[in-house]
Amino acid sequence: MNTGSVQCRLVVCRDCCCGSPKLSRVDHAAQAERLREVAPVRISDCLDVCDQANVVVVQPSAEGRAAGARPVWLGLVNDPDATEDIAAWVLAGGPGVAPRPEILDLYAFTPRTRRTVS
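First, a word on scope: everything that follows refers to the structure included in this document. (Residues numbered from 1 in each chain as written. Predicted model: local features only at pLDDT ≥ 70, side-chain atom pairs only at ≥ 80, totals over all residues. Heavy atoms only, no water.)

### With respect to the nonpolar core
Worth spelling out the cut-off: By convention a nonpolar core is built from buried Ala, Val, Leu, Ile, Met, Phe, Trp, Tyr and Cys residues, the set being connected through side-chain atoms within 4.5 Å. Using a 1.4 Å probe on the protein chains alone, a residue whose accessible area is under 20% of its type maximum counts as buried, one over 50% counts as exposed, and one in between counts as partly exposed. Comment: elements are numbered from the N terminus, with helices defined as DSSP H or I runs of at least four residues and strands as E runs of at least two. The contact criterion used throughout is that any non-hydrogen atoms of two residues lie within 4.5 Å.
Membership of the largest hydrophobic core comes to 20 residues, with the highest contact counts inside it found for L10, V58, I86 and V90. Taken together, the elements giving at least two residues each to this core come down to strand 1 (9-13), strand 3 (56-59), strand 4 (72-74) and helix 3 (80-92). Among the elements that make up this core, the one with the highest residue count is helix 3 (five residues). Ignoring anything within four residues of it in the chain, the contact list for I86 reads L10, L35, V56, V58, L74, V77 and L104. Counting 13 residues, the second largest nonpolar core, distinct from the first, contains V11, C17, V55 and F109.

Written out as structure tokens, the structure is:
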């Protein structure tokens, strides 16, 4: 794991769809472990974007936030190559520090906002 300045953090969804047997071709534990090798990982309950399972959110480092970066939501992260692409980007600095590899544009999405009922 990178031990330099405050680095990117990752949120990995694991609940009803993400990280479940519904995506049987994915080794969910190996995916989380690989990501832990490059950055702190928080395992989250449902992020409410089940249609994008498996979801990984890349939170920018302090340097990235200072450059104006926001968290990047990546969905359909269901193969080791995608996990490796995320790991490489995070190691390079992640949002606001290193340009997002074009291949990750295929996974990037904007989560819908939750509506509240009054």
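### Some thoughts on the environment of V38
Checked against the element boundaries, V38 lands in the loop between helix 1 (28-36) and strand 2 (41-44). In sequence terms V38 and V90 are 52 residues apart; their C-alpha atoms lie 7.0 Å from each other.

### A short note on the pairing of strand 2
To keep things clear, this is the line we draw: Between any two strands, at least two bridges found by DSSP are needed for them to pair.
When strand 1 meets strand 2, the two strands line up parallel, connected through four bridges. Across the sheet, V12 pairs through a bridge with I43, a residue of strand 2.

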